[in-house]
Amino acid sequence: MINWDILENTIKGDRKLRNYIIFGASKGLGDAFVKGVPERGDQVWIVSRSRPDSMDLVDGVQRHWISADLSQPDASRIVAEALRGETIDILIYNVGIWEKEGFEDHYSFDRDEPADIANIIQVNITSTIICIQALLPHLRRSQAGKIIVIGSTAGLDHTNNPQVSFVASKFGLRGITHALREHVRKDGIAVTCINPGELATEIPYEEGVEKAIAEYDGTRIPVQDIVALVKCIVSLSKVACIKEIHVPAMTDLNA
């Protein structure tokens, strides 16, 4: 239900209300996007398997939860049907899984199970393509639609990551964004890929930058930094398109 007092005050403040859909938004970076990017009066559809705690916030942002498992082939249909013809201004696709024990010292690609490999590709690549495809009609209704895909520095050249399936999927996300950008250029939809390095996702957004820096001695990027980048992209006019941003930690010599 629309809060008309918020709407009136927002219009008086000459700020356009925006509709967002954010994937992978129950925790970590996705949770930070839900809490830090929308402003009072905006609407956000949150896509996740479990109900996010952010649904309980009272901050003037209207939040709607879409329960969907992106490892399942019907996820795109569930998401599209939940929107019921709504306009989407900003789509943030923040989804990524990796190999079991993929970041442990003893990890070996030799032991990856075919079913696990297939699941990584399904969630990180196939689901990305079909969910974005399903939402293009909603984005085309916007006067300045934007798609922001969250990749990884693991998808860049020469970053020394041995996780074959995860790295392949992150390279694939960059290919998706580059081709998709050309497909929707005629629609005026800007498509951006952000490739962050290792993030301090265990530190909740509301606990602040300094705690994230202190907890990891400056080796992991606070989620607030990526939120700030997304807010900048969202604020740009429909004339501009940021194609790709790489955001390694200062201490990361491989990225």
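Residues numbered from 1 in each chain as written. Predicted model: local features only at pLDDT ≥ 70, side-chain atom pairs only at ≥ 80, totals over all residues. Heavy atoms only, no water.

A.B. asks: Even after reading the chapter, I still don't get the confidence of the model for the protein chain, so can you show me in this structure?
C.D. replies: When pLDDT drops low, the exact placement of atoms in the prediction is not to be read closely. Counting all residues, the mean pLDDT for the protein chain is 90, and 93% of those residues have values of 70 or more. Between residues 7-12, whose pLDDT stays under 50, and residues either more than four places distant or in other chains, the model counts five contacts. (pLDDT = per-residue confidence, 0-100. Contact = heavy atoms within 4.5 Å.)

A.B. asks: What is the right way to look at the layout of surface pockets in this model?
C.D. replies: A probe matching the size of a water molecule, rolled over the atoms, marks out where space remains unfilled. Its boundaries defined by the atoms lining it, the largest pocket holds a volume of some 1,600 Å³. Forming the walls of the largest pocket are 47 residues, and the residues nearest its centre are Gly-96, Ile-97, Trp-98, Phe-166 and Thr-201. Among the elements of the structure, α2 (28-36), β2 (43-48), α4 (114-139) and α5 (164-183) are those that each provide at least two residues to the lining of the largest pocket. No other element matches the three residues that α2 contributes to the lining of the largest pocket. Considering only residue class, the lining of the largest pocket consists of 17 nonpolar, 21 polar and nine charged. (1 Å grid on protein atoms, 1.4 Å probe; cavity = no way out; pocket = protein on both sides within 12 Å on 5 of 7 lines; lining within 4 Å. Points joined across faces, edges and corners; volume = space filled by probe spheres on them. Helix = DSSP H or I, 4+ residues; strand = E, 2+ residues; numbered from the N terminus. Nonpolar A, V, L, I, M, F, W, Y, C, P; charged D, E, K, R; others polar.)

A.B. asks: What should I look at first to understand the packing of aromatic side chains in this one?
C.D. replies: Taken as a whole and assessed by the stated rule, the structure comprises one aromatic pair. Taken together, a centroid distance of 4.6 Å and an interplanar angle of 35° make the contact between Phe-23 and Tyr-93 tilted. On the criterion of sequence distance, the pair formed by Phe-23 in strand β1 (residues 19-23) and Tyr-93 in strand β4 (residues 90-93) is long-range, its members being 70 residues apart. Across the pair, exposure class does not vary: Phe-23 and Tyr-93 are buried alike. (Phe/Tyr/Trp six-rings, centres within 6.5 Å; stacked < 30°, edge-to-face > 60°. Buried < 20%, exposed > 50% of the residue type's maximum accessible area, 1.4 Å probe, protein only.)

A.B. asks: Would you mind going over the nonpolar core with me for this structure?
C.D. replies: Most often, soluble globular proteins have nonpolar side chains that are buried together. The biggest cluster of nonpolar side chains holds 29 residues, and the ones touching the most others in it are Ile-21, Phe-23, Val-79, Leu-91, Tyr-93, Ile-132 and Ile-147. Among the elements of the structure, β1, β2, α3 (75-83), β4, α4, β5 (146-150) and α5 are those that each provide at least two residues to this core. The element contributing the most residues to this core is α4, with seven residues. Setting aside residues up to four positions removed in sequence, Phe-23 forms contacts with Val-47, Leu-70, Val-79, Leu-91, Ile-92, Tyr-93, Asn-94, Val-95, Cys-131 and Leu-135. (Core = buried A, V, L, I, M, F, W, Y, C linked by side-chain atoms within 4.5 Å.)

A.B. asks: It is not clear to me how the side chain of Lys-170 should be interpreted in this structure. Could you clarify?
C.D. replies: Position of Lys-170 relative to the elements: it lies in helix α5. Leave out the neighbours within four places in its chain, and Lys-170 touches Val-95, Gly-96, Ile-150, Gly-151, Ser-152, Ala-154 and Gly-155.

A.B. asks: What should I look at first to understand the sheet that holds strand β7 (residues 244-247) in this one?
C.D. replies: Think of a sheet as strands paired side by side through backbone hydrogen bonds, with each pair either parallel or antiparallel. Pairing in this open sheet of seven strands is parallel, and the strands run β3-β2-β1-β4-β5-β6-β7 from one edge to the other. Both edges of this open sheet fall to β3 (62-67) and β7, since each of them pairs with a single strand only. On average, each strand axis in the sheet is tilted by 15° relative to the strand beside it, whichever way the strands run. When β1 meets β4, the two strands line up parallel, connected through four bridges. Along β4, the bridge assignment pairs Tyr-20 with Ile-90. Each of β5, β6 (190-196) and β7 touches α5; the most contacted strand, β6, lies at about 160° to it. (Pairing = 2+ DSSP bridges. Axes fitted to C-alpha atoms, helices over the stretch in contact; angles between N-to-C directions.)

A.B. asks: Please clarify how α3 should be interpreted in this entry.
C.D. replies: Structurally, the α-helix is built with 3.6 residues per turn, so residues lying three or four positions apart point the same way. Every buried residue of α3 is accounted for by Ala-75, Ser-76, Val-79 and Leu-83. Viewed along the axis of α3, the buried residues span an arc of 100°, placing them on a single side of the element. Along its buried surface, α3 packs onto β1, β2, β3 and α4. One or two positions beyond α3, positive phi appears at Arg-84, with a value near 50°. (Arc of directions from axis to C-beta.)

A.B. asks: What exactly am I supposed to notice about the pattern of salt bridges here?
C.D. replies: Two side chains with opposite charge may pair up if their charged atoms get near one another. Inspection of every chain in the model, using the stated rule, returns 14 salt bridges. Among the salt bridges present, the one from Asp-56 reaches Arg-51, with a minimum N-O distance of 3.0 Å. The exposure class of Arg-51 is partly exposed, given its relative accessible area of 43%. Arg-185 is paired through a salt bridge with Glu-182; the nearest N and O atoms lie 2.7 Å apart. (Salt bridge = Lys/Arg side-chain N within 4 Å of Asp/Glu carboxyl O.)

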